[in-house]
Amino acid sequence: MEFTTLNNGIKMPMEGFGVFQVPDPAQCEQSVVNAIQAGYRLIDTAAAYFNEESVGAAIKKCGVPREELFITTKLWVQDAGYEEAKKAFQTSLDKLGLDYLDLYLIHQPLGDYYGAWRAMEELYKEGKVKAIGVCNFYPERLTDLCLTAKVTPAVNQVELHPFFQQENALATMKEFGVQPEAWGPLAEGKHGIFTDPMLTEIAGKYGKSVAQVVLRWNTQRGVVIIPKSIHQNRIVENLDIWDFELSKEDMDKISRMDLGHSEIVDHSSPEFVKYLHSAKVHN
Ligand SMILES: NC(=O)c1ccc[n+]([C@@H]2O[C@H](COP(=O)([O-])OP(=O)(O)OC[C@H]3O[C@@H](n4cnc5c(N)ncnc54)[C@H](OP(=O)(O)O)[C@@H]3O)[C@@H](O)[C@H]2O)c1
């Protein structure tokens, strides 16, 4: 496993385990235990995934000391705002059964996220969270936050995979010293990614799977990855990417796969924004 050093000196694993769309509590708990036992140390959950308790239960029983783990959760849109964010942070900590977080992220740049950011800056200064960051902050929103915040976000988690490479977003993150983290690093299995002929050919050359090539590609351009799987064999496979390196030629071939847009979500769509505001995590 390799690590990246965030803009505040905190070390973050370059690969972690995501638990989006794992609503079944027993399955989520077992997947996280399996992942930690396979060697993952970063776990990525969110209030909006409704599985923080299961992640917490897995952390308790996994046998790895808390200080060796890197636990991320996220503030949902409903809780954007200063007071709301403070309360939501404590709710997440309680559900996870933890007394500090490694990384707390604003899930979407919607609602009063500046108020939320001020609360998160205070939580950070109080030592309740080792690093704070954002998700889905496209270049103009990230720039505005970086220019106005007291604490620059340490991480921006955005959709990043061969079909949506977002080089412009990576350039903005680099300018402000913000670590990019990929959600959907396997494109959520969409667009025939696992059977793509060129990726299959590259994978064959290294004796690796398409999933491994795609994950490795993102890490080689400096992006932290958090693939999700509920299958033990895939959990192990996705972590087995640290013993090979893609050549410049193969990196370049993959960089030509960019479609320039997401086929998963459209953050600029008013309907999607309405949907995100309508999704509630509590009464
Ligand atoms: N901040 C945000 O807005 C945001 C949005 C989305 C996701 N996320 C985070 O990012 C994490 C990863 O993204 P994601 O879960 O959306 O998608 P992903 O990791 O790109 O893809 C997961 C899908 O790929 C399948 N898969 C995993 N490994 C595989 C392999 N080796 N071979 C074949 N299929 C494989 C999984 O199926 P099985 O589970 O059946 O194996 C699942 O259907 C999430 O879990 C979450 O933590 C954040």
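The name given to the protein in an unreviewed UniProt entry is Aldo/keto reductase family protein, and the organism recorded there is Anaerocolumna xylanovorans DSM 12503. Under the heading Sequence similarities (unreviewed entry), UniProt records this for the protein: "Belongs to the aldo/keto reductase family."

Asker: Please explain the site of the ligand as it appears in this structure.
Answerer: Taken together, 28 residues surround the ligand, and among them Asp-44, Leu-186, Glu-188, Ser-229 and Arg-234 come closest. Interatomic distance of 3.0 Å between a backbone N/O atom of Gly-184 and an oxygen atom of the ligand. Within the side chain of Arg-234, an N or O atom sits 2.7 Å from an oxygen atom of the ligand. If the ligand stood free it would expose 910 Å²; the protein chains cover 89% of that surface. For the ligand, the cavity whose grid points lie within 2 Å of the majority of its atoms is the largest pocket.

Asker: Would you mind showing me how to read the nonpolar core here?
Answerer: The tendency in soluble globular proteins is for nonpolar side chains to be buried side by side. Ranked by internal contacts, the top residues of the largest apolar core, which has 75 residues, are Val-32, Leu-101 and Ile-106. Once residues lying within four places of it in the same chain are set aside, the contact partners of Val-32 are Phe-17, Val-19, Ile-43, Val-55 and Ala-58. Counting 13 residues, the second-largest nonpolar core is a separate cluster that includes Leu-6, Met-14, Cys-135 and Ala-154.

Asker: Just to check I follow, could you spell out the UniProt feature "domain: NADP-dependent oxidoreductase" (unreviewed entry) in the protein for this structure?
Answerer: Under the feature "domain: NADP-dependent oxidoreductase" (unreviewed entry), the UniProt entry names residues 25-256. When the span residues 25-256 is considered, its composition is 47% helix and 15% strand, and the gap between its end C-alpha atoms is 40 Å.

Asker: Quick question: what am I supposed to make of the UniProt feature "site: Lowers pKa of active site Tyr" (unreviewed entry) in the protein here?
Answerer: In this structure's numbering, the residues bearing the UniProt feature "site: Lowers pKa of active site Tyr" (unreviewed entry) are Lys-74. Tracing the backbone through its elements, the reader meets Lys-74 in strand E5 (residues 70-75). Ignoring anything within four residues of it in the chain, the contact list for Lys-74 reads Asp-44, Thr-45, Ala-46, Ala-47, Tyr-49, Tyr-104, Leu-105, His-107, Cys-135 and Gln-157. There is a polar contact of 2.6 Å between the side chain of Lys-74 and the side chain of Asp-44.

Asker: Teacher, can you tell me more about helix H4 (residues 113-125) here?
Answerer: Residues lying three or four places apart along an α-helix face the same way, a consequence of the helix completing one turn every 3.6 residues. If you check H4, its first and last C-alpha atoms are 18 Å apart, about what 13 residues at 1.5 Å a residue would give, namely 18 Å. Those residues of H4 not exposed but buried are Tyr-113, Gly-115, Ala-116, Trp-117, Ala-119, Met-120, Glu-121 and Leu-123. The elements touched by buried residues of H4 are E5, helix H3 (82-96), strand E6 (101-106), strand E7 (129-135) and helix H5 (139-148). Phi for Gly-127, located one or two positions after H4, is positive at around 80 degrees.

Asker: How should I be thinking about empty space enclosed by the protein in this particular structure?
Answerer: Here the idea is plain: a probe the size of a water molecule rolls over the atoms and shows the empty space left. On inspection of all chains with the given rule, the structure shows one cavity of 30 Å³ or more. Approximately 40 Å³ is the volume found for the largest cavity. Taken together, His-161, Phe-163, Ala-187, Lys-190, His-191, His-261, Ser-262, Glu-263 and Ile-264 make up the lining of the largest cavity. Each residue belonging to the lining of the largest cavity can be placed in one class, and the counts come to three nonpolar, four polar and two charged.

Asker: How do you make sense of the pairing of strand E8 (residues 155-159) when you look at a structure like this?
Answerer: Among the five residues that make up E8, five are buried, leaving the element largely enclosed by the rest of the structure. Strand direction decides the pairing type here: E7 and E8, joined by two bridges, are parallel. The partner of Val-134 across the bridge, within E8, is Asn-156. A crossover connection joins E7 to the parallel E8 through H5; in handedness this β-α-β unit is right-handed. One ladder, built from five bridges, connects E8 with strand E9 (residues 179-183); its direction is parallel. Bridged to Gln-157 within E9 is Glu-181. A crossover connection joins E8 to the parallel E9 through helix H6 (residues 167-176); in handedness this β-α-β unit is right-handed.

Asker: Would you mind showing me how to read the sheet that holds E7 here?
Answerer: Strand pairing in a sheet is mediated by backbone hydrogen bonds. Such pairs are either parallel or antiparallel. The strand order E3-E4-E5-E6-E7-E8-E9-E10 describes an open sheet built from eight strands, whose pairing is parallel. Two strands close off the open sheet at either side, each with one partner strand: strand E3 (16-18) and strand E10 (224-225).

Asker: Sorry if this is basic, but what is going on with the layout of surface pockets here?
Answerer: Approximately 990 Å³ is the volume attributed to the largest pocket. The wall of the largest pocket is formed by 40 residues, among which Phe-20, Gln-21, Trp-183, Gly-184 and Glu-188 lie closest to the centre. Elements that contribute at least two residues to the lining of the largest pocket include exactly helix H9 (232-239) and helix H11 (270-278). Looking at the lining of the largest pocket, its residues break down into 22 nonpolar, twelve polar and six charged. Taken as a whole, the second largest pocket holds about 380 Å³ of empty space. Forming the boundary of the second largest pocket are 23 residues, of which Asn-136, Tyr-138, Asp-266, His-267 and Ser-268 lie nearest the centre.

Asker: What is the right way to read the packing of aromatic side chains from this model?
Answerer: Aromatic ring pairs are reported here in terms of the distance separating the ring centres and the angle at which the planes meet. In the structure shown here, the tally under the stated rule is seven aromatic pairs. Plain terms: the ring middles of Phe-20 and Tyr-49 are 4.9 Å apart, the flat faces sit at 35 degrees to each other, and that makes the pair tilted. One end of the pair, Phe-20, is in the loop between E3 and helix H1 (25-38); the other, Tyr-49, is in the loop between strand E4 (42-44) and helix H2 (52-61), with 29 residues separating them in the sequence. Judged by relative accessible area, which is 36%, Phe-20 ranks as partly exposed. By relative accessible area, which is 12% here, Tyr-49 ends up buried. Site record: aromatic cluster; members linked through ring pairs are Tyr-113, Tyr-114 and Phe-137. Geometry around Tyr-100 places Arg-66 over its ring, the cationic atom sitting 3.9 Å from the centre. The side chain of Arg-216 reaches across the aromatic face of Phe-244, ending 5.9 Å from its centre.

The rules behind the values
- Residues numbered from 1 in each chain as written.
- Predicted model: local features only at pLDDT ≥ 70, side-chain atom pairs only at ≥ 80, totals over all residues.
- Heavy atoms only, no water.
- UniProt positions renumbered as here; feature names shortened; annotations may be inferred.
- Near = heavy atom within 4 Å.
- Polar contact = N/O pair within 3.5 Å; in protein donor to acceptor, adjacent residues only side chain to side chain.
- Areas by Shrake-Rupley, 256 points an atom, 1.4 Å probe, with all protein chains shown as cover.
- 1 Å grid on protein atoms, 1.4 Å probe; cavity = no way out; pocket = protein on both sides within 12 Å on 5 of 7 lines; lining within 4 Å.
- Sits in = over half its atoms within 2 Å of the grid points.
- Core = buried A, V, L, I, M, F, W, Y, C linked by side-chain atoms within 4.5 Å.
- Buried < 20%, exposed > 50% of the residue type's maximum accessible area, 1.4 Å probe, protein only.
- Contact = heavy atoms within 4.5 Å.
- Helix = DSSP H or I, 4+ residues; strand = E, 2+ residues; numbered from the N terminus.
- Expected span 1.5 Å × (residues − 1).
- Points joined across faces, edges and corners; volume = space filled by probe spheres on them.
- Nonpolar A, V, L, I, M, F, W, Y, C, P; charged D, E, K, R; others polar.
- Pairing = 2+ DSSP bridges.
- Right-handed = clockwise from strand over helix to strand, strands pointing away.
- Phe/Tyr/Trp six-rings, centres within 6.5 Å; stacked < 30°, edge-to-face > 60°.
- Lys NZ or Arg CZ within 6 Å of the ring centre and 35° of its normal.

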